Amino acid sequence: MAERLATWVWVGAAALASVAGIVNVVGFLGFQQQAVTHLTGNTSLLGAALVGGDVDTAIGLAAMLAAFVAGAMLSGLIVQDSTLRLGRRYGVALTIESLMLLAAIPLFRQQHLAGPILAATACGLQNAMATTYSGALVRTSHVSGMFTDLGIMLGHALRGLPMARRRLALCSLVISFFFIGGVVGALLFARIGYAALYLPAALTGCTGLGYFAYRQLTPRDPGLL
């Protein structure tokens with residue numbers, strides 16, 4: 001499947017992975033000091049908070065998890081199916097994500113829980129959309145799956161089995177840009193605080209506009225990915 005993904009999917013995967021990297025590191029460095037996209041860790045923290053009787057933390061973590069799922073549900077409503085094809089729906093989803101990130105900035109500054117909740121919703125929307133348009137090959141809000149796939153392919157290579165080089169390149173691309181996004185997000189947060197989120201908001205907005213332009217300039221071919 002990775003061999004069939006068009007150039008615009010690879011570019012989008014890199015851009016969205018960097019977006020998630022920035023948003024996640026801002027969540028870590030922000031007032032809650034919690035990841036926005038790392039649901040595995042947040043689920044574990046929720047269990048620990050419940051056992052420890054920390055009701056406020058438990059409520060916040062549960063809200064973050066629910067927000068991510070709500071964002072994924074919104075993507076399902078917008079994108080609707082798992083068929084990769086040109087259309088307006090991906091641009092709509094990206095535009096909504098951009099607006100959510102913009103709205104989250106003043107809420108983060110006020111240390112209001114709605115800030116990270118909006119950011120988590122935006123990331124859930126993004127990850128579900130990327131998963132849909134790539135046939136579950138691209139997951140842009142977290143890299144655990146990508147690292148797992150990378151390890152599997154390296155293991156195959158050690159056994160002398162054929163290695164899917166484009167799949168390897170795709171995993172490396174997403175991991176690299178998620179890391180780069182984290183570095184950029186940390187640098188920006190140290191200098192301008194929550195205004196660092198303007199960058200991922202701009203990236204998603206520009207990616208959405210770029211997608212619209214690509215769609216207008218590209219013939220509709222059912223076999224074109």
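Relevant structure appears above.
A. Looking closely at the overall build of the protein chain. Across its full length, the protein chain holds 8 helices and 0 strands. The order of helices and strands in the protein chain, counted from the N terminus, is α-α-α-α-α-α-α-α. A total of 225 residues make up the protein chain; the buried ones form 49% of that total. Long-range contacts, defined as pairs at least 24 residues apart, comprise 71% of the intrachain contacts of the protein chain with a sequence gap of at least 6. Only carbon and sulfur atoms are counted for the fraction: they give 67% of the accessible area of the protein chain, which is about 10600 Å².

B. Inspection of the side chain of D149 at higher detail. Tracing the backbone through its elements, the reader meets D149 in helix α6 (residues 144-158). When its relative accessible area of 18% is taken as the criterion, D149 is described as buried. There is a polar contact of 2.3 Å between the side chain of D149 and the side chain of R167.

C. Seen up close, empty space enclosed by the protein. Scanning all chains against the criterion turns up 1 cavity of 30 Å³ or more. Its residues assigned to classes, the lining of the largest cavity comprises 4 nonpolar, 4 polar and no charged.

D. Representation of the packing of α6 against helix α7 (residues 165-192). Two numbers describe how α6 lies on α7: the axes approach to 9 Å, and their chain directions differ by 145 degrees. Note on packing geometry: the crossing formed by α6 with α7 is left-handed. Residues M146, F147, D149, L150 and M153 of α6 form the contact with α7, whose participating residues are R167, L168, C171, S172, V174 and I175. Residues belonging to the contact of α6 with α7 are distributed by class as follows: 8 nonpolar, 1 polar and 2 charged.

E. Summary view of the environment of G71. The topology assignment puts G71 in helix α3 (residues 55-79). Sequence separation between G71 and A120 is 49 residues, and the spatial gap between their C-alpha atoms is 7.6 Å.

F. Highlighting α7. For α7, built from 28 residues, the straight-helix expectation of 40 Å at 1.5 Å per residue is met to within 8% by its first-to-last C-alpha distance of 39 Å. G193 lies just past α7 and shows a positive phi near 65 degrees.

Rules behind the numbers
- Residues numbered from 1 in each chain as written.
- Predicted model: local features only at pLDDT ≥ 70, side-chain atom pairs only at ≥ 80, totals over all residues.
- Heavy atoms only, no water.
- Helix = DSSP H or I, 4+ residues; strand = E, 2+ residues; numbered from the N terminus.
- Buried < 20%, exposed > 50% of the residue type's maximum accessible area, 1.4 Å probe, protein only.
- Contact = heavy atoms within 4.5 Å.
- Areas by Shrake-Rupley, 256 points an atom, 1.4 Å probe, with all protein chains shown as cover.
- Polar contact = N/O pair within 3.5 Å; in protein donor to acceptor, adjacent residues only side chain to side chain.
- 1 Å grid on protein atoms, 1.4 Å probe; cavity = no way out; pocket = protein on both sides within 12 Å on 5 of 7 lines; lining within 4 Å.
- Points joined across faces, edges and corners; volume = space filled by probe spheres on them.
- Nonpolar A, V, L, I, M, F, W, Y, C, P; charged D, E, K, R; others polar.
- Axes fitted to C-alpha atoms, helices over the stretch in contact; angles between N-to-C directions.
- Left-handed = near helix turned anticlockwise from the far one by under 90°.
- Expected span 1.5 Å × (residues − 1).

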